[in-house]
Every structure is written in C-alpha cells, then in structure tokens.
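The residues making up each chain are set out below.
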Amino acid sequence: MEHYQAGVDAKALAWMFDQASADTNASEHSTAKSITLPDGAVNFNMGTLVGSYATVARMLDEASDVAGTKGIMLTFDDFLIGLEQFGQRIQPLMRSRGQIAAAAA
C-alpha cells in the first residue's frame, strides 16, 4: 500500500477532488464526499484489504459476519493476477466459503 501511496498521481487526484467538490448537493455519506478526504485518496477511501492471504481471508470472513451482508465487491490492482490469487490463495482459507470447497471436493 505504501508503494501505491508513494507513486500516486497528485495532479490526477487534485482534478478528482475538484470534480467531487463541485457537487454541492452531495450528502455526507456520498462517494463525492468520501473521495475528497485526503487520507485515502489513492484508493478513493474505499475499504482496502492489505495483508497476507490469511489476513485478507480473515478480514473477508469478518465482513461476512456483519448482519445483512449479501456480498462484497472486490477490485484488484492487476485484475487477472488478483483474481487468480483470490480464487487460489484467499478463498480456500475463508471460513465463510467453506461450503464451496466442500462442494468442489
């Protein structure tokens, strides 16, 4: 994550902030407001899961325990590699996906 923070395109973020700030009708919980907060600018202030495969699996299991959670949208910095790593290295470690592994076996 530090690598991404260090290599951030400051001009692009400044433009994004300007555009988001122009929405004077945005609610406090809107995407426009959240992406104008500087701390998480590199990831648009979305929840970012950073850690080992086991750590990310545990964080996703914690999210699945939140009442009403039906799914989580994931994005990957390198789509094909990230998708493969998720399917091969993270998902098998997830308690909440145990039924998938059992069905495949």
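The residue numbering used here restarts from 1 in each chain and proceeds along that chain's sequence as written. Note on the predicted model: pLDDT of at least 70 is required for a residue's local features to be given, and 80 or more for side-chain atom pairs to be given and counted; whole-chain, interface and lining totals, by contrast, use all residues. Water and hydrogen atoms were dropped before computing side-chain values, which therefore reflect all heavy atoms in the structure.

Peer 1: Outline the overall build of the chain, supporting the account with residue identities and numerical values.
Peer 2: Along the chain, the regular secondary structure elements total 6 helices and 0 strands. Helix and strand assignments follow DSSP, with helices taken as H or I runs no shorter than four residues and strands as E runs no shorter than two, numbered in order from the N terminus. Secondary structure elements of the chain, listed N to C terminal, follow the sequence α-α-α-α-α-α. Each residue is assigned to one of three classes by its accessible area relative to the maximum for its type, calculated with a 1.4 Å probe on protein chains only: buried under 20%, partly exposed between the two thresholds, exposed over 50%. For the chain, the residues scored as buried account for 17% of the 105 residues in total. Surface exposure of the chain reaches about 8,000 Å², of which carbon and sulfur atoms provide 57%. Computed with the Shrake-Rupley method and a 1.4 Å probe, the accessible areas treat only the protein chains shown as cover for residues.

Peer 1: Talk me through helix 4 (residues 53–64); I want residue IDs and the actual numbers.
Peer 2: For a helix, the expected span equals 1.5 Å multiplied by the number of residues minus one. The first and last C-alpha atoms of helix 4 sit 17 Å apart over 12 residues, in line with the 16 Å expected at 1.5 Å per residue. Considered for burial, the residues of helix 4 that qualify are V56, A57, L60 and D61. Seen along its axis, helix 4 keeps its buried residues to an arc of 140°; they face one direction. Two residues form a contact once any of their heavy atoms are found within 4.5 Å. On its buried face, helix 4 is in contact with helix 5 (79–90). Throughout, the arc means that of the directions going from the helix axis to the C-beta atoms.

Peer 1: Describe the layout of surface pockets, listing the residues and the values that go with them.
Peer 2: Throughout, the protein atoms alone are placed on a 1 Å grid, and a set of points is a cavity if a 1.4 Å probe fits but cannot get out or a pocket if it is open with protein on both sides within 12 Å along at least five of seven lines; lining residues have an atom within 4 Å of a point. Grid points are joined across faces, edges and corners, and a volume is the space filled by probe spheres set on the points. Quantified by volume, the second largest pocket comes out at close to 240 Å³. Residue lining of the second largest pocket: 13 residues in total, with S64, I72, M94, S96 and R97 positioned closest to the centre. For the lining of the second largest pocket, the per-class residue count stands at 6 nonpolar, 5 polar and 2 charged. Think of it as three bins: nonpolar holds Ala, Val, Leu, Ile, Met, Phe, Trp, Tyr, Cys and Pro, charged holds Asp, Glu, Lys and Arg, and polar takes everything else, Gly as well.

Peer 1: I'd love a proper account of the packing of aromatic side chains, names of residues and values included.
Peer 2: Classification of ring pairs uses Phe, Tyr and Trp, with its six-membered ring standing for Trp, and accepts pairs whose centres are within 6.5 Å; under 30 degrees between planes counts as stacked, over 60 as edge-to-face, and the remaining range as tilted. Scanning the entire structure with this criterion turns up 2 aromatic pairs. Look at F76 and F86: their rings are 6.2 Å apart centre to centre, the planes differ by 45°, and that puts the pair in the tilted class. Highlighted residues: F76 in the loop between helix 4 and helix 5 and F86 in helix 5, separated in sequence by 10 residues. Within the aromatic cluster, the residues linked to one another by ring pairs are F76, F79 and F86.

Peer 1: Just give me the short version of the pattern of salt bridges, but keep the residues and values in it.
Peer 2: Within this document, salt bridges are pairs made up of a side-chain nitrogen of Lys or Arg and a carboxyl oxygen of Asp or Glu, the two lying within 4 Å of each other. Under the counting rule described, the total for this entry stands at 1 salt bridge. Across the salt bridge formed by R95 and D65, the nearest N and O atoms sit 3.0 Å from each other. Of this pair, R95 sits in the loop between helix 5 and helix 6 (98–104) while D65 sits in the loop between helix 4 and helix 5, and the two are 30 residues apart along the sequence.

Peer 1: Explain the packing of helix 4 against helix 5 to me, using residue names and the numbers behind them.
Peer 2: Orientation is described by lines fitted to C-alpha atoms, with helices fitted over the stretch in contact, and by angles between N-to-C directions that extend from 0 to 180 degrees. Two elements in contact, helix 4 and helix 5, have axes whose closest approach is 10 Å; the angle formed by their N-to-C orientations is 85°. In terms of orientation, helix 4 lies roughly perpendicular with respect to helix 5. Taking contact as the criterion, the partners of Y53, V56, A57 and L60 in helix 4 are, on helix 5, Q85, F86, R89 and I90. Looking at the contact of helix 4 with helix 5, its residues break down into 6 nonpolar, 1 polar and 1 charged. Each angle is binned into one of four classes, with values under 35 degrees roughly parallel, values over 145 roughly antiparallel, values of 65 to 115 roughly perpendicular, and all other values oblique.

Peer 1: An account of the nonpolar core is requested, with residue identities and associated values reported.
Peer 2: Nonpolar cores are built from buried Ala, Val, Leu, Ile, Met, Phe, Trp, Tyr and Cys residues. Side-chain atoms within 4.5 Å join them into one set. By size, the foremost hydrophobic cluster in this structure holds 6 residues: V56, A57, L60, F86, I90 and M94. Counting residues per element, the ones that place at least two in this core are helix 4 and helix 5. Of all the elements, helix 4 adds the most residues to this core, at 3 residues. Excluding its chain neighbours within four sequence positions, the residues that come into contact with V56 are L49, V50, G51 and I90.

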